[in-house]
Amino acid sequence: MDPDSIARVATGAANVVTDAGNRVLLVHHTYGQLNWELPGGLGEADETPADNAARELREETGLVAAVLTLTGVYYERSHKLAGPFLHFVFRTEVVDDRDPVPDQDEISEAAFWPLDGLPAPMSDFTERRIRDALGGGPVVIGRVEGRTWRR
């Protein structure tokens, strides 16, 4: 097989963390759409998706992951930063009940939100990953075909 014909796919991982009141942890970006998002980001070289998710959670919120359970894998043909992309999503439990602390470089706020009162702006893809992770079903294998923004 010609090495140039092999598809290269970037990866990233996100965390769905809930508190005792079943509110979901979201972070508010300081760049791009200035959107609310799940804590997560691009994977680094030689990093597993679970390690990626745990690192991003710690970097963006100061929280430390204890248990990560895969809930979804989503393929995106043309991610704005990386081209073909696999998004891994984990239902993540943290080691204690500390309040999240935003990193201030990329994240202006980190807070728990009720599922029936999620903030805006937020993409439909973020809402989909939250629903899938909290739905209790098997791991979702899906595709991302663009995003719609709720403002």
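Residues numbered from 1 in each chain as written. Predicted model: local features only at pLDDT ≥ 70, side-chain atom pairs only at ≥ 80, totals over all residues. Heavy atoms only, no water.

Enquirer: I would appreciate a short explanation of the sheet that holds strand S4 (residues 40-42) in the present structure.
Expert: Each strand in a sheet pairs with another by means of backbone hydrogen bonds, the pair being arranged parallel or else antiparallel. Sheet architecture is open: five strands sit in the order S4-S1-S6-S5-S9, paired in mixed fashion. Every other strand in the sheet has two partners, leaving S4 and strand S9 (140-144) as the edge strands with one partner each. Ignoring which end each strand starts from, the neighbouring axes of this sheet average 20° apart. Alignment of strand S1 (residues 10-16) against strand S6 (residues 83-94), held across seven bridges, turns out to be parallel. Among the inter-strand pairings, Ala 13 is bridged to a residue of S6, identified as Phe 88. Along the sheet face, helix H1 (residues 49-61) touches S1, S4, strand S5 (65-79) and S6 and points at about 60° away from the line of S1. (Pairing = 2+ DSSP bridges. Helix = DSSP H or I, 4+ residues; strand = E, 2+ residues; numbered from the N terminus. Axes fitted to C-alpha atoms, helices over the stretch in contact; angles between N-to-C directions. Contact = heavy atoms within 4.5 Å.)

Enquirer: Before we go on, may I ask you to explain the side chain of Arg 129 in this structure?
Expert: Topologically, Arg 129 is positioned in helix H2 (residues 124-134). Since its relative accessible area comes to 5%, Arg 129 is described here as buried. Of note is the side chain of Arg 129, whose polar atom sits 3.0 Å from the side chain of Thr 126. (Buried < 20%, exposed > 50% of the residue type's maximum accessible area, 1.4 Å probe, protein only. Polar contact = N/O pair within 3.5 Å; in protein donor to acceptor, adjacent residues only side chain to side chain.)

Enquirer: Can you walk me through the nonpolar core in this structure?
Expert: Grouped burial of nonpolar side chains is what soluble globular proteins tend to show. Within the largest apolar cluster, 14 residues are counted, with the highest numbers of intra-cluster contacts made by Val 16, Val 24, Leu 26, Leu 38, Leu 118 and Ile 130. Breaking this core down by element, the ones donating at least two residues are S1, strand S2 (24-29) and H2. In terms of residue count, H2 provides more of this core than any other element does, three residues in total. Once residues within four sequence positions are removed from consideration, Val 16 is found in contact with Val 24, Leu 38, Val 89, Phe 90, Arg 91, Thr 92, Arg 129, Ile 130, Ala 133 and Leu 134. Judged by nonpolar contacts, the second largest core, of seven residues, contains Val 17, Leu 25, Leu 63 and Phe 112. (Core = buried A, V, L, I, M, F, W, Y, C linked by side-chain atoms within 4.5 Å.)

Enquirer: What is the right way to read H2 from this model?
Expert: Note: α-helices contain 3.6 residues per turn, so residues at a spacing of three or four share the same orientation. Buried residues of H2: Phe 125, Thr 126, Arg 129, Ile 130 and Ala 133, and no others. For H2, the angular spread of the buried residues around the axis is 140°, confining them to a single face. Where H2 ends, the next residue or the one after it, Gly 136, has phi of about 80°, a positive value. (Arc of directions from axis to C-beta.)

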